[in-house]
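Structural characterization, general
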Amino acid sequence: MTVAREAIVLPSLFLTVLLLGGLRIADTTMLVPPSPYVLLIGVLLVRVVVRSGALAPGQVLAAARPTLANLNGAALIATLWLGGAQTLALLIPESGVPRLVFSVFFLVLLLSTAAASPDRERLVRSLAVTFGAAYVLKFVVLHGLSAPDASAFKRVLLELVDAATAGALIQDVPHPITAYIALLTVALYLVGVFLLPHHERRSREALPETFLRTLPPA
Amino acid sequence: MDDTATRAIGLGVVVAYAALIGWLYARQPQTLAQVTGGLSAIAGAYTVDEQAFSDGLRFFRNDQFVEARLSLARADPAVRDARTQFYIAYSYYRQGWGRMYHDDRLYAEGLAAIDRAIALAPGGRLVVNDPGLGMQSAEEVKAELEAGRRLEASDFNPMRVFTSRK
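Just so it is clear, the structure is predicted and the values come from calculations on it, not from any experiment. (Residues numbered from 1 in each chain as written. Chains lettered and ligands numbered in written order. Predicted model: local features only at pLDDT ≥ 70, side-chain atom pairs only at ≥ 80, totals over all residues.)

Comments concerning the overall build of chain B
The number of helices and strands found in chain B is 7 helices and 0 strands. Secondary structure elements of chain B, listed N to C terminal, follow the sequence α-α-α-α-α-α-α. Taken over the C-alpha trace, chain B has a radius of gyration of 20 Å; the compact-globule value for 166 residues is 15 Å, which it surpasses by more than 25%. Within chain B, the fraction of its 166 residues that count as buried is 27%. In chain B, 57% of the contacts between residues at least 6 apart in sequence involve partners at least 24 apart. (Helix = DSSP H or I, 4+ residues; strand = E, 2+ residues; numbered from the N terminus. Rg over C-alpha atoms; globule rule 2.2 N^0.38 Å. Buried ≥ 20, exposed ≤ 12 C-beta atoms within 10 Å, placed from the backbone. Contact = placed C-beta atoms within 7 Å.)

Here it is, written out as structure tokens:
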């Protein structure tokens, strides 16, 4: 872990996630800050990242480190939190039942991931799969379903779906570029998590022979 | 470069970047011109395009309000100049004014513009010394635009056809 990565690259990367994740391009461009709810589940995400060893807090915040180094560490953790919260906010649909379902889904998922206590590699893989699935559901399925279409059949189908779900499923569709920016944002966040100063969880082979004898057979 | 310098630069970069993001969230700029203009205004380096402003005033005085607004918007692309926003609001007032009725849509646009002008003026006080204007302060323009959008008993007074545009 170089000093430049800890002090400049990673905080800037997570701040970029915070900026791009809030961008909603439609008739007017809006920057939407993360809601208090996603800020809370963002704390849970940071906890999961720390528990998995993907972030070793002792390497960025410690009494033995100089004050300036600790300030860099604090900035890194704060931006990791804000970037994570914004990524979750980006992947949660804007309105209706899907918003509620995704909000609860992310909370349950993070609680179960915390309970499972995965290692760094598995956590990054799990986040990539989860965020990828949420991205596809929101930006491909839901927006595809909600997009206005020239064909009469699609319009009738859309009206039927809208009526059957009391308007709870159909979303406002942003400009297509929003989806590309969202993909970039999620990718940047995952790269950032991957580059964090981390613990290497020791594999079974690396453990001392005397300790291995006390473990049940694999 | 030693570690301390890198860390200090890093902290400065993070604080500046976070401040920029906070400013963007607060201001919600719609165009790149508004972003750059807003940042130059913070640094005290923002100026309106005087040529475009003069063109806008010429159109305004000839009652060519659409053309005037186009020129004034070109003069102040970042929407940072109180005086330009004042004239834009005034152009909406004059265009929307009628002896029988006022155009609510234009008056609403005028209100939005005069609110911007008041927000941009130091201390919220804005007086434009232009003898061609019937109202020279932002408060008068705002009150006139608000009154024009309200439905009152005086709206049905036939004598209103004798009132004049300010």
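Moving on from the coordinates now.
Quick look at unusual backbone geometry
Residues and elements named next belong to chain A. Of note, the phi angle at Ser 117 is positive, near 50 degrees, even though the residue is not glycine. Position of Ser 117 relative to the elements: it lies in the loop between helix H5 (96-116) and helix H6 (120-146). Ser 117 gets classed as exposed once you count the C-beta atoms within 10 Å, which come to 12.

Focus: the nonpolar core
Ranked by internal contacts, the top residues of the largest apolar core, which has 41 residues, are Phe14(A), Leu45(A), Val49(A), Ala54(A), Leu80(A), Leu88(A) and Val193(A). Elements with a contribution of two residues or more to this core: helix H1 (3-21), helix H2 (36-52), helix H4 (67-91), H5, H6 and helix H8 (177-195) of chain A. Looking at this core element by element, the count peaks at 11 residues for H4(A). Not counting residues within four places of it along the chain, the set of residues in contact with Phe14(A) comprises Thr79(A), Leu80(A), Leu82(A), Gly83(A) and Gly192(A). Core analysis: the next-biggest nonpolar cluster, separate from the first, contains 24 residues, Ala68(B), Leu72(B), Ala89(B) and Trp97(B) among them. (Core = buried A, V, L, I, M, F, W, Y, C linked by C-beta atoms within 7 Å.)

Some thoughts on the interface of chain B and chain A
Bring the parts together and some accessible area is lost; that lost area is often taken as the interface size. With 17 residues of chain B at the contact, the number on the chain A side is 19 residues. Its residues assigned to classes, the side of chain B that touches chain A comprises 10 nonpolar, 5 polar and 2 charged. (Nonpolar A, V, L, I, M, F, W, Y, C, P; charged D, E, K, R; others polar.)

Digging into the environment of Val124(A)
Residues and elements named next belong to chain A. Among the structural elements, Val 124 can be located in helix H6. The class of Val 124 is buried, set by 20 C-beta atoms lying within 10 Å. Taking the C-alpha atoms as reference points, Val 124 and Ala 54, 70 residues apart in sequence, are found 8.1 Å from one another. Setting aside residues no more than four positions away along its own chain, Val 124 makes contact with Ala 54, Leu 190, Val 193 and Phe 194.

Some points on the confidence of the model for chain B
Residue and element names in this part refer to chain B. When pLDDT is averaged along chain B, the result is 88; 99% of the residues meet or exceed 70. Between the elements of chain B, mean pLDDT differs from a low of 76, seen in helix H2 (residues 32-42), to a high of 94, seen in helix H5 (residues 82-96). Confidence estimates for the predicted assembly give a pTM of 0.72 and an ipTM of 0.80. (pLDDT = per-residue confidence, 0-100.)

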